[in-house]
Amino acid sequence: MSGTDAASRLREAVASLDDTVDRLASLSRRNYHNPYEAAWPQAVDPEGSWYTTPELTSLYGTSVWDGLAEPARRRLSFFEAVNFFSLNIHGEKMLMAGLASRLYRPDLAGIADYLHHFLDEENKHSVYFGGFCRRYARIYRSRQVEFPGSPFTAEQDDFLFFAKTMIFEEIVDYFNARQAKDARLHPLARFINEYHHAEETRHLVFGRRLTARLWEVCAPAWGTEARESIREYLHAFVVMAWREYYNPDVYADSGFDDPWSLAERAWQAAPQQAHRRAAFTRCLGVLRAAGVFDKDPADAF
Amino acid sequence: MLSEREARDALRSWVASKAKPEASGRIDDATPLFADRYLTSVHVPELLLLLERLRGAPIDPERLGPGDFHDINTIVRRFCTPAPGRLPGG
């Protein structure tokens, strides 16, 4: 497989998105947002409000949750929000690096205008996430460690970058969309979710179409073994993405002993498995319809 | 912190669960896990969660490199024993 063939396939896949890209870029310009005008409270009270929708917390449905009084549940919901914002910061850092490296690459020139908006909007999201975490708590560490080198070709890495971006954003948006509508949440937490959801909606339209199109145009040339390796890699990515929602650092800050065992128990809890499956249904549908997945990533549920 | 033996058994079991069924029988404690592609970088966060649980202490991801996860022997020596080979603060 030559690099010229791969570049030609990428151009073909990207060209079919022209109308979508024009429409999304126009919407981004019309909804241009300044993140530096937000009014930040001096302080927030972790036990005084909800910061994560209770039913979306990582202990909901477990016996541990059942045994917590409401102030402790609210405190947990605060640190869960800090974790949600932190994992968004780490995810968006990698996303912005990947977008920047693809800007004005000749074979992706057709989407360059929209990549500018994508990059700009991701940066603004991180302004809010970082603003919240640094003012009221801290940014939790990421356990993701990048090793040099990739087992995939450059073309496959392009596909994986956009597919992973879509998977990450689909999961995040499940939380954003619900929390944007939850009147129980502290107004600041609700606003950040609402704002993020409004822009992610456009990114997801782009991501779903591009992922499906890249697979359709590029994957047939990769061979059965490579396609299977990519599927396995993406299945593991789904598990990794979901594991970040069960962060022992959250449980330690919430006052629980042995936070690592609690993280494992929460991950294995049947109500949480059902929650992850429900939250991932839409994304799974997109990946299955495109042919990227031919079975569910069972380890995630 | 679990004993070295318990940690090693837990690690073997976890690695086998991540490898393809037909490959898990070929993995021993000296098998290069990442170089031979039994594991990839997307497995690292879950591996770190397991290691933190086994040792009952956090690991600083900023201080890690590919060599720390070369094989099961290396991982046990680095993270699951009180020996000098263990990463400082890691």
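Keep in mind that what you see is a predicted model, and the values were worked out from it rather than measured. Residue indices begin from 1 for each chain and proceed along its sequence in written order. Written order determines the labels here, with chains lettered from A and ligands numbered from 1. At least 70 in pLDDT is required for a residue's local features to be given in this predicted model, at least 80 for side-chain atom pairs to be given and counted, and no such filter applies to totals for whole chains, interfaces and linings, which use all residues. Excluding hydrogens and water, the side-chain figures rest on all heavy atoms present in the structure.

### Things to note about the nonpolar core
- Throughout, nonpolar core names a set of buried Ala, Val, Leu, Ile, Met, Phe, Trp, Tyr and Cys residues whose side chains join them through atoms within 4.5 Å. Burial here depends on accessible area, computed with a 1.4 Å probe over protein chains only, as a share of the maximum for the residue type. Under 20% is buried, over 50% is exposed, and the range in between is partly exposed. Core analysis: the biggest nonpolar cluster contains 97 residues, and A:Phe132, A:Phe159, A:Phe206, A:Leu234, A:Tyr251 and A:Phe280 have the highest contact counts within it.
- Between two residues, a contact is recorded if the distance between any of their heavy atoms is within 4.5 Å. Sequence-distant contacts of A:Tyr251, that is, excluding residues within four places in its chain, are made with A:Ser58, A:Leu59, A:Leu76, A:Glu80, A:Tyr245, A:Tyr246, A:Phe256, A:Pro259, A:Leu262, A:Ala263 and A:Ala266.
- Counting 27 residues, the second largest nonpolar core, distinct from the first, contains B:Ala19, B:Tyr38, B:Leu54 and B:Ile59.

### Some remarks on the environment of B:Ala7
Residues and elements named next belong to chain B.
- For the purposes of this entry, the term helix denotes a DSSP run of H or I that reaches at least four residues, the term strand denotes a run of E that reaches at least two, and both are numbered from the N terminus. Note on placement: Ala7 falls in helix α1 (residues 4-18).
- Expressed as a C-alpha distance, the spacing of Ala7 and Leu49, which sit 42 residues apart in the sequence, is 13 Å.
- Those residues in contact with Ala7, other than ones at most four positions away along the chain, are Leu2, Leu54 and Cys80.

### Comments concerning the pattern of salt bridges
- A carboxyl oxygen of Asp or Glu within 4 Å of a side-chain nitrogen of Lys or Arg is what we treat as a salt bridge. The full count for this structure, using the stated rule, is 34 salt bridges over all chains.
- Residues A:Glu70 and A:Arg74 are paired through a salt bridge, measuring 2.8 Å at the closest nitrogen-oxygen approach. Highlighted residues: A:Glu70 and A:Arg74, both in helix α4 (residues 70-102), separated by four residues, approximately one helical turn.
- For the salt bridge of B:Asp29 with B:Arg12, the shortest nitrogen-to-oxygen distance reads 2.6 Å. Of this pair, B:Asp29 sits in the loop between α2 (21-24) and α3 (44-55) while B:Arg12 sits in helix α1, placing them 17 residues apart in sequence.
- Classification of B:Asp29 by relative accessible area gives buried; the value is 15%.
- One salt-bridge network, in which partners are shared between bridges, spans A:Arg243, A:Glu264, A:Asp299, B:Lys18, B:Glu46 and B:Arg53.

### Describing the packing of aromatic side chains
Residue and element names in this part refer to chain A.
- Ring pairs shown here join Phe, Tyr and Trp side chains whose ring centres sit within 6.5 Å, with only the six-membered ring taken for Trp; geometry is labelled stacked below 30 degrees between planes, edge-to-face above 60, and tilted in between. The full count for this structure, using the stated rule, is 37 aromatic pairs over all chains.
- Their ring planes at 45° and their centres at 5.2 Å tell us that Trp242 and Tyr245 sit as a pair that is tilted. There is no split in this pair, since Trp242 and Tyr245 are both buried.
- Judged by centre distance (6.4 Å) and plane angle (85°), the ring pair of Tyr251 and Phe256 falls under edge-to-face.

Scope: geometric values only; no functional claims are made or implied.
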